[in-house]
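Secondary and tertiary structure notes
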Amino acid sequence: MLVLLILHLVAALAAPLLVRWWGPRAFYPLALAPAAAFCWALARTPAVADGGAVVETYPWIQELHLDIALRVTTLSWLMTLLIGGVGALVLVYCARYFKAGSAGLAQFAGVLVAFAGAMLLLVFSDDLLLLYVGWELTTVFSYLMIGHSTERRSSRWAAAQALTVTTLGGLAMLIGFIMLGEHAGTYRWSEIAAQPLPGGGYLIVAVLLILAGALSKSAVLPFSSWLPAAMAAPTPVSAYLHAAAMVKAGVYLVGLLAPVLATVDPWRPVVQIAGVATMLVGGWAALRQTDLKLLLAYGTVSQLGLLIAVTGAGTPAAALAGTAMLLAHALFKAALFLVVGIIDHGAGTRDLRQLSGLRRWSRPLFLVAILAAASMAGVPPLVGFVAKEAVFAAFTDQPLLLAGLVVGTVFTVAYSARFLWGAFADREGVEPVAPAPIAASMLVPPAVLASIGLLAGPAAAVLDGLLSPYAELFGAVDAHLALWPGVTPALGLSVLALAGGGLLFAMRGPLAPVLARLRSPVSGNQGYEWVVSRFDRLATDVTGATQRGSLPQYLGIILVTLVVLPGGAMLAAGPWRTRIPLWDNPLQPVVVVVIAVAALLAVGARRRLTAMLLVGVTGYGTAMLFILHGAPDLALTQFLVETATIAVFVLVLRRLPQRFSARPLRRSRWTRRAIGVAVGVVAGGLALVAAGARRAPDISAAFPSLAVDEGYGRNVVNVTLVDIRAWDTMGEVSVLVVAATGVASLIFERSRTGPRPRRPEPVPRTARYGRRVWLRGGPTLHEERRSIVLEVITRLIFHTVVLFSLFLLFSGHNAPGGGFAGGLVAGLALVVRYLAGGRYELTEAAPVGAGLILGAGLAVVVGSGVVAMLAGGSLLQSAKIDASLPLIGDIHLVTSLFFDIGVYLIVIGLVLDILRSLGAEVDRHIEATGTGSGGLAVDKGDRP
């Protein structure tokens, strides 16, 4: 089974290339993938016919106890035959349906094959979560195929409607799955079915949520509107997705779960009432259609209602009848959709008012249509008759439900006759249509499907033996499939339905005004549009009320929510420690007081720069607490991060007013203080609760020994970052790269890889007026921005700071430091260089692109892990290299140093990107607009 899934994945990936090479003829080799699934299922017939199961299990996500658990029994075997057989025939049909050079054909081919693989994953899955993955994949692929004609608004709208309805139903179903899985302790359906079910409202809620997903997928009321709208898709899509495969997913799910859940109180009322109502409404709507494809679409809705009502009944007879009808419907409805595609392809229209004389155009096509339509109407000896007889016989003890099914069948007979009459009859005043001859590859697929429907009727006994193991899951099976069951009430009802449907079709003229008037006051599409518009209006109102462009308001809402919800839960639980030590060192309360005073003053500050500096004091105070707790690495990192943050704030504040709002904010300031205090109390309380709630041993207790034995270093913090928890660090540095890209994207109006500021022309070491030039970029600044003292200091310390950053990088494995700290030190050196000499001096200091440094750093980080794996170890595993070099002596090198070098480069690239965007690019904007200070000197002749 896994091989079949991989085969479909490979075929889907190769499909675009094959289409570019061979055009539509590429569909022929692509048909081999679903054909292989059909042959595989056919070969497993003996095992399934005995009531057995084909099982495959592969480890997947061990931490979640989630495996690729695949299991095929009678129902999934039948679905595999339909998915593979009909899928192969539809792909063969596509080879002549589409013309060479059709827009989007390469993507369409790949998506269609991928959809077949997703359907196989759905029916193979024994794990409910894996089933949900296949479920949602079919939703996505169907969205892409329904919206194939992207230039047409109707296609886009239909695709969005199908995606919205089925996705919402799928999410509800997922919640139901999780409820069942968490109760049972497993998501394997075969194991859940063997356990006692939860009782009461818990199970009722889970069942209703699962049924919401099944009914939405199979277009059962109130979710029916998306299926007729989806007829905007190409006809092969309708024949496969909306007749044989995707819409059967909901029916399959109901059939899969019914042996266990059918006894739950809401199950039978929901599936039977919704199913019969859908059958009646869909059948009545089909009688009014003039588009042959829409006629079949509403007929499909009607038949899906029948299938849901029957397969969900939860009795052996209904289960047997439901599987027979599942097979019959796929055969006749897929064949009829393909016939409509041939008519539309040849005649250029599907409107039955414009078609005349088509039965003389192609007698074989007319015969295929007769066989398929007769099977849909339940005419013997076709398989549709056998299935319909079994359905009637299964519900003889439920007269009300049986009456609804008979009336629905009358509608089915009537619209089946309407289809044949509309497609092939002669009409007065309409010119006969004379299309071109039909290609054999287009006629063969519907002919094969119709022929199987003809042969399966007389082979009802064989079919009964194959499908009975599924019915036996519900109990002892008394009913059987038969072409001639004898004179029974079911046979009488069949005759009544055929006669009533024929009479209804014969009276189509007099009944036309009734059909036109007797309809729902609100169509399904109108109801969908109304619901969507209400949600849009609600979203607009909520957005208008909450998104007012006020950052304090947004932050206040978030913080108040934090105080009310987690804080309220904390107060309700009250898991307080009996004794909380206030401090371990007398200096700690002093630092805490400084932090608290700075925070309170920051709230009341009127100037932005003052507030920023006060916030910086809280950061440096936190670093002091780290020092007092004996964590020099954390303190060093906190100092450096706080300094870099202040530098970034300075760059941003240049373009903001010096003061905050001039409005009287006394009340709001006190409100903000209150919120801040409340958040601080809640955060502190949550920290205490979390620390006191630990039950398992602390995993970090083993880190010191692991750092020496496995990471070959004594600095536990740094070894943790580059070895023990290297995967976490890789994710974090990836976030840094994304953050750098985001900052540049928000600031740059042109490509960030475009030309950087030109390096300044060589400036003599001694300029005019005898003043020494310390930085080459200095003379390019306005006089008011220059500081000779800062230039001199920068000239003296820059290289020393860079060397110090390298020292931190190389010593960090055994002493405080590391790639992150070293990168921040090097970045701060660039900050100082930029502040002293401007953007031209920054280019002089770092004449490379930030993107190049970021990419190189990420490549080194990933490459160091891959090299370890290629060397025979595990990914990101460290190794120690001992060597003796001439003139140097013995060296001891740990390979995680290269990982640290990558981190070092990424941090430098991030700082450089911020300086070039928030710094140099803002400088360029100031120069261009003439606002603010900081641009180039206007008169180059002025004294530098």
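Look above for the structure.
All of the points below concern the structure found in this document. (Residues numbered from 1 in each chain as written. Predicted model: local features only at pLDDT ≥ 70, side-chain atom pairs only at ≥ 80, totals over all residues. Heavy atoms only, no water.)

**Looking at the pairing of strand 2 (residues 66–72)**
This is how it is decided: Only protein chains enter the area calculation, which uses a 1.4 Å probe; residues under 20% of their type maximum are buried, those over 50% are exposed, and those in between are partly exposed. What counts as a helix is a DSSP run of H or I of at least four residues, what counts as a strand is a run of E of at least two, and both are numbered from the N terminus. Strands are labelled as partners when DSSP assigns at least two bridges between them.
Burial within strand 2 is extensive, with six of its seven residues counted as buried. With seven bridges connecting them, strand 1 (residues 54–61) and strand 2 associate as antiparallel partners. Directly across from E56, in strand 2, lies its bridge partner L70.

**Some thoughts on the packing of helix 5 (residues 74–97) against helix 6 (residues 105–124)**
Spelled out, the test is: Note on definitions: angles span 0 to 180 degrees between N-to-C directions of axes, and those axes are lines fitted to C-alpha atoms, for helices only across the stretch in contact. Working rule for angles: under 35 degrees goes down as roughly parallel, over 145 as roughly antiparallel, 65 to 115 as roughly perpendicular, anything else as oblique. A contact between two residues is defined here by any heavy atoms of the two lying within 4.5 Å. For this scheme, ten residues count as nonpolar: Ala, Val, Leu, Ile, Met, Phe, Trp, Tyr, Cys and Pro. Four count as charged, namely Asp, Glu, Lys and Arg, and the remainder, Gly too, count as polar.
Relative to each other, helix 5 and helix 6 sit at 170°, their axes nearing to 9 Å. Here helix 5 lies roughly antiparallel to helix 6, going by the angle between them. Contact residues: S76, M79, T80, I83, L91 and C94 in helix 5; F108, L112, V113, A116, M119, L120, V123 and F124 in helix 6. Residue classes in the contact of helix 5 with helix 6 are distributed as 12 nonpolar, two polar and no charged.

**Considerations on the pattern of salt bridges**
What counts here: Here, a salt bridge means any Lys or Arg side-chain nitrogen found within 4 Å of an Asp or Glu carboxyl oxygen.
Going through the model one piece at a time under the given rule, you end up with nine salt bridges. For D351, the salt bridge is made with R353, and the minimal N-O distance between the two is 2.8 Å. Judged by its relative accessible area of 51%, R353 falls in the exposed class. What you see here is one network of salt bridges that share partners, running through D67, R188 and E191.

**Looking at the environment of E191**
Tracing the chain through its elements places E191 in helix 9 (residues 189–192). Separated by 335 residues in sequence, E191 and Q526 place their C-alpha atoms 43 Å apart.

**So, the nonpolar core**
Counted only if it meets this: Nonpolar cores are built from buried Ala, Val, Leu, Ile, Met, Phe, Trp, Tyr and Cys residues. Side-chain atoms within 4.5 Å join them into one set.
Within the largest apolar cluster, 207 residues are counted, with the highest numbers of intra-cluster contacts made by F124, Y240, W267 and F395. The element that contributes the greatest number of residues to this core is helix 16 (residues 316–347), accounting for 21 residues. When neighbours within four sequence positions are excluded, F124 is seen to be in contact with M1, L4, L5, W40, A69, L70, R71, V72 and T80. Counting 42 residues, the second largest nonpolar core, distinct from the first, contains L640, A647, L828 and L910.

**Here's the deal with the side chain of N715**
Rule in force here: Nitrogen and oxygen atoms within 3.5 Å of one another constitute a polar contact, given that in protein one can donate a hydrogen and the other can accept it, and given that sequence-neighbouring residues count only through two side-chain atoms.
Tracing the chain through its elements places N715 in the loop between helix 30 (703–709) and helix 31 (716–724). Of note is the side chain of N715, whose polar atom sits 2.9 Å from the backbone oxygen of G812. Separated by 2.8 Å, the side chain of N715 and the backbone oxygen of A815 make a polar contact. Not counting chain neighbours up to four residues away, the residues in contact with N715 comprise D633, G812, H813, N814, A815, P816 and G817.

**Quick look at unusual backbone geometry**
Excluding glycine, residues mostly carry a negative phi; peptide bonds, for their part, are mostly trans. Looking along the chain, the bond that leaves L221 and enters P222 is cis, with omega of 5°. Topologically, P222 is positioned in the loop between helix 10 (200–217) and helix 11 (226–229). The amide bond that connects P380 to the next residue, P381, takes the cis arrangement and shows omega of 5°. By secondary structure assignment, the location of P381 is in the loop between helix 17 (363–377) and helix 18 (383–394).

**Quick word on the packing of helix 10 against helix 14 (residues 267–286)**
Basically, it comes down to this: Each crossing gets its handedness from the near helix: less than a right angle anticlockwise from the far helix is left-handed, clockwise is right-handed.
The N-to-C vectors of helix 10 and helix 14 enclose an angle of 20°; their axes lie 10 Å apart at closest approach. Considering the angle they form, helix 10 stands roughly parallel to helix 14. The interaxial crossing formed by helix 10 with helix 14 has right-handed handedness. Contact residues: helix 10 offers V207, L208, L211 and L215, while helix 14 offers W267, V270, V271 and A274. Of the residues assigned to the contact of helix 10 with helix 14, the class counts are eight nonpolar, no polar and no charged.

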